[in-house]
Each structure stands twice: as C-alpha cells, then as structure tokens.
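Commentary on secondary and tertiary structure
This is what each chain is made of:
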Amino acid sequence: MMHQEIKPERSSLFSAPSPPHLPHLPSPTVAAASTPSSSPRRFKRFGGLLPTTSYRAVLSSVCIMAVLFWVLHLLFFSLLTDLTTGNPLPTSSSPSQPGEEEKDSSSSSSVADLALQKILGDGRQIFGTFPSSFNKSAASKRRAQWMTPLPDSLPLTRLRAIPGTHDSATWNFTTETRNSIPSDPSYLPAEWFRCQKKSILESLEAGVRFFDLRYAALDAGTGGSGKGGGGGGQGTRLVFWHKMALLSEVATVEDVLFGFYSWLEGRGAGEVVMVSLQYEHPTRSHASNTPQVQRLLHSLLTTPAARRFIYPSHSLPPTLGDARGKIVLLKRFDLPDLPLDQQLAVPGLNFSPSLWPENNRGFELVYNQLDVGDADQSKGVEMGGKRNETAYIEDYFEPNDLPSGMNGSVTENVMAKWEAVEGHLRAAAAAGAAASGPGAGLGARGEDDEDDGLWITFTSGEHVFNEPNITPEVMALGPEEQRQGVPKVTGGGTVKGGVNEKLLALLKDDGPDGLKGKRLGVVVMDFWEMEGEGDLIGALLGLDG
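Quick caveat, the model's predicted, so the values are computed rather than measured.

Once that is clear, we can look at the overall build of the protein chain. When helices and strands are tallied, the protein chain shows 14 helices and 13 strands. Out of the 545 residues in the protein chain, the part that is buried amounts to 46%. Counting contacts in the protein chain only where the partners sit at least 6 residues apart, residues at least 24 apart contribute 72% of the total. Of the roughly 27,500 Å² that the protein chain leaves accessible, carbon and sulfur atoms contribute 55%.

In this structure, Pro282 follows His281 across a cis peptide bond, with omega equal to 0°. Among the structural elements, Pro282 can be located in the loop between strand E5 (272–279) and helix H8 (291–300). The omega torsion across Glu467 and Pro468 is 10°, close enough to zero to call that bond cis. Structurally, Pro468 can be placed in the loop between strand E12 (454–458) and helix H12 (472–477). The phi angle at His286 is positive, at roughly 70°, despite the residue not being glycine. Mapping His286 onto the fold places it in the loop between E5 and H8. Classification of His286 as exposed rests on a relative accessible area of 82%. Phi is positive for Phe527, close to 50°, though the residue is something other than glycine.

Mapped onto the secondary structure, Arg237 falls in strand E3 (residues 237–242). Separated by 2.4 Å, the side chain of Arg237 and the backbone oxygen of Glu249 make a polar contact.

Within the span of H8, buried status applies to Val293, Gln294, Leu296, Leu297, His298 and Leu300. Lining the buried residues of H8 we find strand E2 (210–218), E3, helix H7 (253–265), E5, helix H9 (304–309) and helix H10 (340–345).

What follows is about the environment of Thr471. Here Thr471 is to be found in the loop between E12 and H12. With 281 residues separating them along the chain, Thr471 and Ala190 place their C-alpha atoms 9.9 Å apart. If near-sequence neighbours (up to four positions away) are discounted, Thr471 is found in contact with Glu191, Trp192, Gly461, Glu462 and Val464.

The next thing to look at is the packing of aromatic side chains. Applying the stated criterion across every chain yields a total of 15 aromatic pairs. Between Trp192 and Phe465, the ring centres sit 5.4 Å apart and the planes meet at 80°, which makes this aromatic pair edge-to-face. Residue Trp192 is found in the loop between helix H5 (175–179) and helix H6 (200–206), and its partner Phe465 is found in the loop between E12 and H12; the two are separated by 273 residues along the sequence. Judged by its relative accessible area of 15%, Trp192 is buried. The exposure class assigned to Phe465 is exposed, which follows from its relative accessible area of 59%. Ring geometry for Tyr261 against Phe309: centres 5.1 Å apart, planes inclined by 15°, an arrangement best described as stacked. In this pair, Tyr261 is assigned in helix H7 and Phe309 in helix H9, connecting sequence segments 48 residues apart. Judged by relative accessible area, which is 4%, Tyr261 ranks as buried. Over the ring of Trp356 we find Arg332; its NZ or CZ atom is 3.6 Å from the centre of that ring. A cation over an aromatic ring shows up here: Arg361 above the ring of Tyr396, its NZ or CZ 4.1 Å from the ring centre.

Given a rise of 1.5 Å per residue, 13 residues ought to cover 18 Å, and the 18 Å separating the end C-alpha atoms of H7 matches this to within 8%. Those residues of H7 not exposed but buried are Val253, Asp255, Val256, Leu257, Gly259, Phe260, Tyr261, Trp263 and Leu264.

Further remarks concern the packing of helix H3 (residues 111–127) against H7. Interhelical geometry of H3 versus H7 gives an angle of 105° and a closest axis separation of 8 Å. It follows from the interaxial angle that H3 and H7 lie roughly perpendicular. Contacts from Leu116, Ile119, Leu120, Asp122, Gly123, Ile126 and Phe127 of H3 reach H7 at Asp255, Val256, Phe258, Gly259, Phe260 and Ser262. Taken together, the residues that form the contact of H3 with H7 break down as eight nonpolar, three polar and two charged.

Here we take up the environment of Gly362. By the element assignment, Gly362 lies in strand E8 (residues 360–366). Judged by relative accessible area, which is 42%, Gly362 ranks as partly exposed. Placed 31 residues apart in sequence, Gly362 and Ile393 show a C-alpha to C-alpha distance of 5.5 Å. The residues touching Gly362, leaving out its near neighbours within four places in the chain, are Ile393 and Glu394.

Most of E5 sits inside the fold, with eight of its eight residues counted as buried. Residues Val272, Met274, Ser276 and Gln278 point to one face of E5 and Val273, Val275, Leu277 and Tyr279 to the other, with burial holding for every one of them. Pairing of E2 with E5 involves six bridges; the strand directions are parallel. Bridging across to E5, Leu213 finds its partner in Leu277. Summarising the sheet, E5 and strand E6 (residues 326–332) pair through seven bridges and their orientation is parallel. By the bridge assignment for E6, Val272 is matched with Lys326.

Below, the discussion takes up the nonpolar core. Core analysis: the largest hydrophobic core is formed by 113 residues, its most contacted members being Phe260 and Phe351. With seven residues, the single largest contributor to this core is H7. In this structure, Phe260 is in contact with Phe127, Ile200, Leu204, Phe211, Leu213, Val273, Val275 and Ile327, ignoring residues within four places of it in sequence.

As a further point, take the pairing of E2. Most of E2 sits out of view: eight of its nine residues are buried. With two bridges connecting them, strand E1 (residues 161–165) and E2 associate as parallel partners. Paired with Thr165 across the two strands is Phe211, which belongs to E2. With four bridges connecting them, E2 and E3 associate as antiparallel partners. Along E3, the bridge assignment pairs Leu218 with Arg237.

About the thresholds
Residues numbered from 1 in each chain as written. Predicted model: local features only at pLDDT ≥ 70, side-chain atom pairs only at ≥ 80, totals over all residues. Heavy atoms only, no water. Helix = DSSP H or I, 4+ residues; strand = E, 2+ residues; numbered from the N terminus. Buried < 20%, exposed > 50% of the residue type's maximum accessible area, 1.4 Å probe, protein only. Contact = heavy atoms within 4.5 Å. Areas by Shrake-Rupley, 256 points an atom, 1.4 Å probe, with all protein chains shown as cover. Polar contact = N/O pair within 3.5 Å; in protein donor to acceptor, adjacent residues only side chain to side chain. Phe/Tyr/Trp six-rings, centres within 6.5 Å; stacked < 30°, edge-to-face > 60°. Lys NZ or Arg CZ within 6 Å of the ring centre and 35° of its normal. Expected span 1.5 Å × (residues − 1). Axes fitted to C-alpha atoms, helices over the stretch in contact; angles between N-to-C directions. Parallel < 35°, antiparallel > 145°, perpendicular 65-115°, else oblique. Nonpolar A, V, L, I, M, F, W, Y, C, P; charged D, E, K, R; others polar. Pairing = 2+ DSSP bridges. Core = buried A, V, L, I, M, F, W, Y, C linked by side-chain atoms within 4.5 Å.

Below you can see the structure in the form of structure tokens.
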C-alpha cells in the first residue's frame, strides 16, 4: 500500500521545496515501519520542517552543534574558575603545574639538577658559591687544573708539593657571622678561630688540594634550619666547628661533600683532592662522638655518590692516575661503636685521634692499619695483609714551651713555630729529591727504592691565651701594626713578622740552603693568599715564574 504524499503546510527556514516534476519519495523511516499503528499521519506534523531528502543530514548537523555547544560550555566555566581563583592560565611560558617548566636551550634543569642546586646553595657558607661559569683563561686553568697534565704514573708522594689549608671551613667566620648564629656557644673573639679568608672553592681554583675540615653534631633542638643530616637521626646534623665555634647552622658535611663531588665531576676531573675529616671536640657541653654521630657519618661516607667520588681504599692511591677525579679521605675520627664490617666499609686512610699526638713537632703515623687486601665481595670491604704505610707529620700548633713561659713575645712565638716548620720541610726535602717542575721528582728514585712516605707539614699555629694574643692571622702574617708600611721581602711577600713571609722566602731561595724545586709533600697553611703580597701556592708548585 502506497503512502500518500505529504505536502508542507507552511514554509520553514530548514525546508526546501521539492521540484514539482519529481514525485516525493517516501521517508525511509516511514517505509520501514512494520506495525499497524505506523501511519503517515504520525510524521505529517514534521513534514514541512524536515523534508525527507535531508532528514539524516539535518540530524547530523544538530548532533555536531550540540557537541560544540557542550565543549564551549566546558571551556567557559574552566576559564571562569581560573579567573576567580587567581590560578595562571596554562601557556607555553607558564606551566599549569609546579615543576612542569618546558625545557629550552638555555634552561634545562631536571629534578636532579634542582636538587643539586639546593644542596650546593645550602653548603655555600662553608664551601663557597659556584659561579655561573669558571674562569677559562689559560692562567686560571693552569692553577685550577695543575695536576691534569702530569703523568698518570706519578705517585702522589712524588709530587713537588700539595698545597693545603688548615681549618678550611673557617674562612667565613667573622664577628658578623658569629652574631648571626643564635645557637653559637662561642663568646670568644671570632679572630681566635678564623684561619682563612678564601672559600674552599676559591682555594680549589687557586691550586689547593688538601683541606682540613672539622665536624661534630648539631641537634635540631639547639637551633638551625632543622634539615636532616643525611642518614636520619631525629634532626641531628653533622656540621662544621672549630672548637666551640659553630661555623654554620645550615651547611652540613653532606652539602660540602657534594660541593667537592660537583667540582671533581667537571672542572677538576683530572685532579685529586685530599680531605682530612676530623671529629671536633670540645664543641658543646657534654657533646661526644656518640653511636648516633658515628652512624650518621658512616651513612654519608657510604652513599652511591661517596662510592663514586671517594677513593675506595684504606691506602694511598699508588699513582695519580688511580685517583683522578676523586677524594682521598684522611679519617681523623674513630667509629668504635659500629660493627667491624661497617668500620671497614668506610674508605680512607686511618689517621685515628689515638695515633695523632697533640701539639707535636714531628711524629710518625702508620695510616693503613685497617687495610686488609683482597676484596671480600660479601662484605664489600678489603681483606688480606697490611701494608703499614707511614706518614710523617708536624703539627706544632701552639708554642707552649717557650723559654719565657706562657707570655712570650710575638717574635718568640713565630720563631718557635717556624723552627718546627723549617726543620720538617728540610727533612721532607732530604727524603725526597730535587724537582725541576710540578711532579718532576718521579725519576728521583729507582723502582727498588723504599717509599719515603707521605709528608705533612702544618705551617699554621696560634697562641691565643698568650699575652699578647697570638691569633692564627698574627702567626701567619705577623702583627697588624707590622703589616703597615714595612718593606716587603725581596721578590715579594707579606710584611715581615709572620710564618708565611719566612716560608715564601725559603721557597723562592734557589741557593744551597733554599728549598726551591724540592719535594716537600703536603704543606698546610693559614691565610695562604697573603692579601696579594705574595704567591705561596705558586712558589710551592713552581708556577710563580
């Protein structure tokens, strides 16, 4: 049965009249109706609006418009929320979430990069501030990378000299610094404790390769930033002290170690740095090297970063090439409350406080008594025979045996210290051989010669309880009144009166009694920069000519 033709009763914006010469075809929907109730009258009311020839197209258009309307609706309310809450809209230059910055050619900081920046920032009060880029001049690189061109086969003990700094962390300890640390227990003058004016990083760049650092605990309850200590300990942190002077509440041992790691990974990849890490006491009342402190230190020195950058032995590296880009650790601490395997897992030369006599003009120390040979992989420590390597050390830091007693003059104190320094340097030179350049002493002994050991001379000293007070600066540079308008040493140097002036003169003396070009070992100094009046490091390394 054929359906009747449905004619439109009124015009519509959506309708289009059918050509009069063509019969109107039945709607597919209507044609498909199979129930008796299906009737052309059911669709008659829509006939004028939806002509059967465009029914599907119109439905599709309506659906598309509905979807577009919904999308616009969502976008509008999302925009309204951002505007009312103050949240920034996502753009290519302003991320919608923290940490989602887009990387470009000038800024590509990863989470690891940002974490390192945080650590180095915390450590800058002790380590110093990293520049945006290092000085690339030939003269600067010659100092900062003086070990790099030396042959890998060169033993460390055959280097002409290794410049060092005594109490390296004190460079930033001024009266202002002390007063800014509420928890600092020291009431004594800051100049009694300050031994340097250049930061660790500045010293590295100048050629210093031995650093004397003193640590102890600082509990969160005594002040400070509340940072963890890197190993967990109820807020206890390992920070830097010089006796009872707290040098920073912020910079931790871990922060400063990462400063060394970062420098060695880049600028100092061809260098070797020796770090003497000493447990300092007394600091606070009742403070001691507790098991908790020992566990914290063990944790810091056995991390993946420490295993990468600290030379993994209890012996001195056989050659320079074995230790490039690494720290050689001198352990001036004990871990008696830890199991033996944990003690042995901490790398470094054993310079135990029990082996280091106080205020001594010269002594011998066997520093690898914990070295035990072949690796036991199950414990990660060395097992086997001992080598018993020896260090020869002068550390006469306070002249307390003056003929005039406790209250000797500045000259008497300086001369007593200088006699100990000069005697030890001459012994080191005699045990070594003449050198014509940095490290050129390699050929001074044959393969069968006995190793003459590691020589360490501390030129630093003080006698602050003397009258007049002999501070570290006075001992190194002479009395301040003698530093004004006094003729300098021939060839340059500090004003007369301090140990540094005498040391510089001896290093520049190429006569039969001079030490120019001689193998001297590690020379640990206070105020090495000498305020522009002399070049101690250059003289030690033969780089001042």
